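Read off the chains here:
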Amino acid sequence: MLDGLGFGYQPRAPFACDPKDTRGRLFEQAESPTRTAFQRDRDRIIHSTAFRRLKHKTQVFISHEGDHYRTRLTHTIEVSQIARSIARAFRLDEDLAEAIALVHDFGHTPFSHAGERALDACMKDSGGFDHNAQSLRIVTKLERRYAEFDGLNLSWETLEGLVKHNGPLADTTRAGLVHALPQPILDFNAVFPLDLQTHASLEAQAAALADDIAYDTHDIDDGLRAGILEFDALRAAPLTGGIIMEIERQYPGLERTRMIAELGRRQITMMVEDVIQETSTRLNTLRPVSADDIRNAGHAIVAFSPEMAATEKALKAFLYKSLYRHPDVMATMDTAALLVAALFDHYVAHPSAMPDDWHAGYDQLSETQKKRQVADFIAGMTDQFAIREHERLFDRKSELR
């Protein structure tokens, strides 16, 4: 197998995941002579149908509202770039970090969280709906590209990162209440255990922080372009205020387009540099000598400093109030949620309205399985396809047009 040696190559850190030591795949396959296990995972993810569909799925603004707004695909590419940068700083496996970043949003429905909330409500008596669990379901069952198995047959480390990038899942007790894990995760873990009680690898943790950095920054960019956010409000917001004042000091009268780009660039740099500094401190304290030392550390190692974590939390609160809950955004998303719920009810009542391969054998399924199959079908839709289906089934133009 090729070692990937080349310009700028540095030996992998002892606490990084080593593809030579992968815990394998659910379905055993021969090693590739030209790619590591994690490179192979990344390639399978990029060539999947689910990856292509991300280009027409909403990030914040529905894609037909403007050509320059992020979609789930462009957001995913931005996350992967930041994840690789963090991974490179610590000599981690960049291919694994990239693979986890590229797959992390596979389970998102059309119309982003509005669609997810609608499907979760529709599925409340049938196991609910969770986009992270749906991502796992897609890569282990719903993608059908291989003659020998369903799914993409990704390596254990990539699946671990997908499921646990935000932390352990086995400890579900919170404030005295027990929160059940999504059934798709429990079902797959029973067949191919992912050590749900531990943290994930550093590569997965890098992808998780990269996700936060990307959408904290780029949702502001989109909000400014949409005219929903304004610089006056951002001057008083956490993190962005200081950056804006510094830009204005250096470049008085800078045009709006360049100002937006300069804010995003500096914000990403500031947040990534903070993560690298804090992670270095935590690694120096822990002194891990293996990837399992990271998993068993009991806390995240890739992290913001306490000061940045507090600032980032405050920034999210600002964005939630000023952008995500803005009346214009909410009006569109409320309409989108009603559209998704209407599709769900129609397909449950009229399964033949779905393509043949989605309703074949439908009558032999339990009621819960029927609803899960409908949820799978809808979750895979792009925004445009969901709108077209709604117009086809109900013979009227969608208000989202």
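What counts as what
Residues numbered from 1 in each chain as written. Predicted model: local features only at pLDDT ≥ 70, side-chain atom pairs only at ≥ 80, totals over all residues. Heavy atoms only, no water. Core = buried A, V, L, I, M, F, W, Y, C linked by side-chain atoms within 4.5 Å. Buried < 20%, exposed > 50% of the residue type's maximum accessible area, 1.4 Å probe, protein only. Helix = DSSP H or I, 4+ residues; strand = E, 2+ residues; numbered from the N terminus. Contact = heavy atoms within 4.5 Å. Axes fitted to C-alpha atoms, helices over the stretch in contact; angles between N-to-C directions. Parallel < 35°, antiparallel > 145°, perpendicular 65-115°, else oblique. Phe/Tyr/Trp six-rings, centres within 6.5 Å; stacked < 30°, edge-to-face > 60°. Salt bridge = Lys/Arg side-chain N within 4 Å of Asp/Glu carboxyl O. Patch = residues over 30% accessible without salt bridge, like charges linked within 9 Å, V, L, I, M, F, W, Y side chains within 5 Å. Areas by Shrake-Rupley, 256 points an atom, 1.4 Å probe, with all protein chains shown as cover. pLDDT = per-residue confidence, 0-100. Left-handed = near helix turned anticlockwise from the far one by under 90°. Nonpolar A, V, L, I, M, F, W, Y, C, P; charged D, E, K, R; others polar. Polar contact = N/O pair within 3.5 Å; in protein donor to acceptor, adjacent residues only side chain to side chain.

Considering the nonpolar core
- Formed by 83 residues in total, the largest nonpolar core has its most connected members in Leu263, Tyr347 and Ile378.
- It is helix H9 (residues 202-226) that contributes the most residues to this core, ten residues altogether.
- Beyond its immediate stretch of four places on either side in the chain, Leu263 contacts Ile220, Leu224, Phe231, Leu234, Thr240, Ile243, Ile244 and Ile247.
- Among the nonpolar cores identified, the runner-up in size contains 26 residues, and Ala133, Ile138, Leu169 and Ile185 belong to it.

Some thoughts on the packing of helix H6 (residues 131-142) against helix H7 (residues 156-164)
- Closest axis-to-axis distance for the H6/H7 pair is 9 Å, and the angle between their directions is 155°. By the angle class used here, H6 and H7 are roughly antiparallel. When H6 is examined against H7, the residues Asn132, Ser135, Leu136, Val139 and Thr140 are found in contact with a partner set consisting of Leu159, Leu162 and Val163.

Quick notes on helix H5 (residues 112-122)
- Of the positions making up H5, those classed as buried are Ser112, Ala114, Gly115, Glu116, Ala118, Leu119 and Cys122.
- On its buried face, H5 sits against helix H3 (72-89), H6, helix H15 (327-349) and helix H17 (367-379).

Description of the packing of aromatic side chains
- Here the structure, examined in full by the defined rule, presents six aromatic pairs.
- Note on Phe27 and Phe149: the rings are 5.5 Å apart at their centroids and 10° apart in plane angle, and the pair reads as stacked. With Phe27 in the segment before helix H1 (37-46) and Phe149 in the loop between H6 and H7, the pair connects residues that are 122 residues apart, well separated along the chain.
- A relative accessible area of 6% places Phe149 in the buried class.
- Between Tyr347 and Phe377, the aromatic rings sit 5.3 Å apart at their centres with planes inclined by 70°, giving edge-to-face as the arrangement. With Tyr347 in helix H15 and Phe377 in helix H17, the pair connects residues that are 30 residues apart, well separated along the chain. The residues Tyr347 and Phe377 share a single accessibility class, namely buried.
- Among the aromatic side chains, those forming a connected cluster through ring pairs are Tyr347, Trp358, Phe377 and Phe385.

As for the pattern of salt bridges
- On inspection of all chains with the given rule, the structure shows 35 salt bridges.
- The salt bridge involving Glu160 is made with Arg295; its shortest N-O contact spans 2.7 Å. Of this pair, Glu160 sits in helix H7 while Arg295 sits in helix H13 (residues 291-295), and the two are 135 residues apart along the sequence.
- Given a relative accessible area of 0%, Glu160 falls into the buried group.
- The partner of Glu262 in a salt bridge is Arg266, with the nearest N and O atoms 2.9 Å apart. Remark: Arg266 and Glu262 occur in helix H12 (residues 256-286); sequence separation between them is four residues, near one turn of the helix.
- Classification of Glu262 as buried rests on a relative accessible area of 15%.

What about a nonpolar patch on the surface?
- Together, Leu26, Phe27 and Val191 line one region of the surface with nonpolar side chains, adding up to about 240 Å² of accessible area.
- Turning to its location among the elements, Leu26 is positioned in the segment before H1.

Observations concerning the confidence of the model for the protein chain
- Across the protein chain, pLDDT averages 92, with 93% of residues at or above 70.
- Overall, residues 174-178 carries pLDDT values under 50, and its contacts beyond four positions in sequence, including any with other chains, amount to four contacts.

Things to note about the packing of H9 against H12
- Between H9 and H12, the least distance of the axes is 10 Å, while the angle of their chain directions is 160°. The angle between H9 and H12 falls in the class roughly antiparallel. As H9 runs across H12, the sense of the crossing is right-handed. Side by side, H9 and H12 meet where Leu202, Leu209, Ile213, Asp216, Thr217, His218, Ile220, Asp221, Leu224 and Arg225 of the first sit next to Arg256, Ile260, Leu263, Gly264, Gln267, Ile268, Met271, Val272, Val275 and Leu283 of the second.
- Partitioned by chemical class, the residues of the contact of H9 with H12 number twelve nonpolar, four polar and four charged.

A look at unusual backbone geometry
- One non-glycine residue with positive phi stands out, namely Asn153, at about 50°.
- Mapped onto the elements of the fold, Asn153 is located in the loop between H6 and H7.
- The residue Leu239 is not glycine, and still its phi comes out positive at about 70°.
- Among the structural elements, Leu239 can be located in the loop between helix H10 (231-235) and helix H11 (240-250).

Comments concerning the side chain of Ser155
- Along the chain, Ser155 falls in the loop between H6 and H7.
- Assessed through its relative accessible area of 0%, Ser155 is described here as buried.
- At a separation of 2.5 Å, a polar atom in the side chain of Ser155 contacts the side chain of Asp41.
- Residue contacts for Ser155: discarding those within four places in its chain leaves Thr22, Gly24, Arg25, Phe38 and Asp41.

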